[in-house]
Amino acid sequence: MKVVYSNGQEGILNEEESAKLYTRGRHTKESWQELKDEMSRLGIIKFEDWWYTITLGAGLIPIDYVNAMIAVL
């Protein structure tokens, strides 16, 4: 999975490291907060979500999007 670290460098996470980085099925504020916490733990500000990319044709998911979802819920 492609990611962007908080220092701006791009990187790749293996399947085990990226297991909790996804958007599909997150319907509660708590689940989005868990995603934000995982991003913080890994020190990343963007990540590639295969479902989001395939269905919406979008790029990497930024922390700003995750923060917006937390604020809305």
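Going by the structure above, here's the rest.
Computed from a prediction, not measured in an experiment: that's the story for all the values here.

### A closer look at the packing of aromatic side chains
Counted according to the given criterion, the structure contains one aromatic pair. The ring of Tyr-22 carries the charged tip of Arg-26 above its face, separated from the ring centre by 4.1 Å.

### As for the environment of Ala-71
Relative to the elements of secondary structure, Ala-71 occurs in helix α3 (residues 63-72). Residues Ala-71 and Lys-29 lie 42 residues apart in sequence; the distance between their C-alpha atoms is 8.0 Å.

### Some thoughts on the pairing of strand β3 (residues 44-47)
Both strand β1 (residues 2-5) and β3 contribute to a ladder of three bridges, which runs antiparallel. Bridging across to β3, Val-4 finds its partner in Lys-46. Summarising the sheet, β3 and strand β4 (residues 61-62) pair through two bridges and their orientation is antiparallel. Bridge pairing in β4 places Phe-47 opposite Ile-61.

### Side note on the nonpolar core
Counting 14 residues, the largest nonpolar core has Leu-21, Leu-35, Met-39, Ile-44, Phe-47 and Val-66 as the members making the most contacts within it. Elements with a minimum of two residues in this core: α1 (29-42), β3 and α3. In terms of residue count, α1 provides more of this core than any other element does, four residues in total. Excluding anything up to four places from it in sequence, Met-39 contacts Leu-21, Ile-44, Ile-45, Lys-46, Phe-47, Ile-61, Pro-62, Ile-63 and Val-66.

### As for the pattern of salt bridges
When charged atoms on two side chains of opposite charge get close, those side chains can pair. All told, the structure shown has one salt bridge when counted by the stated rule. Where Glu-38 meets Arg-41, a salt bridge forms, and the shortest distance between an N and an O atom there is 2.8 Å. Taken together, the residues Glu-38 and Arg-41, both in helix α1 and three residues apart, mark about one turn of the helix. We classify Glu-38 as buried; its relative accessible area is 9%. Of the residues examined, Arg-41 reaches a relative accessible area of 58% and is grouped as exposed.

Cut-offs applied
- Residues numbered from 1 in each chain as written.
- Predicted model: local features only at pLDDT ≥ 70, side-chain atom pairs only at ≥ 80, totals over all residues.
- Heavy atoms only, no water.
- Phe/Tyr/Trp six-rings, centres within 6.5 Å; stacked < 30°, edge-to-face > 60°.
- Lys NZ or Arg CZ within 6 Å of the ring centre and 35° of its normal.
- Helix = DSSP H or I, 4+ residues; strand = E, 2+ residues; numbered from the N terminus.
- Pairing = 2+ DSSP bridges.
- Core = buried A, V, L, I, M, F, W, Y, C linked by side-chain atoms within 4.5 Å.
- Buried < 20%, exposed > 50% of the residue type's maximum accessible area, 1.4 Å probe, protein only.
- Contact = heavy atoms within 4.5 Å.
- Salt bridge = Lys/Arg side-chain N within 4 Å of Asp/Glu carboxyl O.

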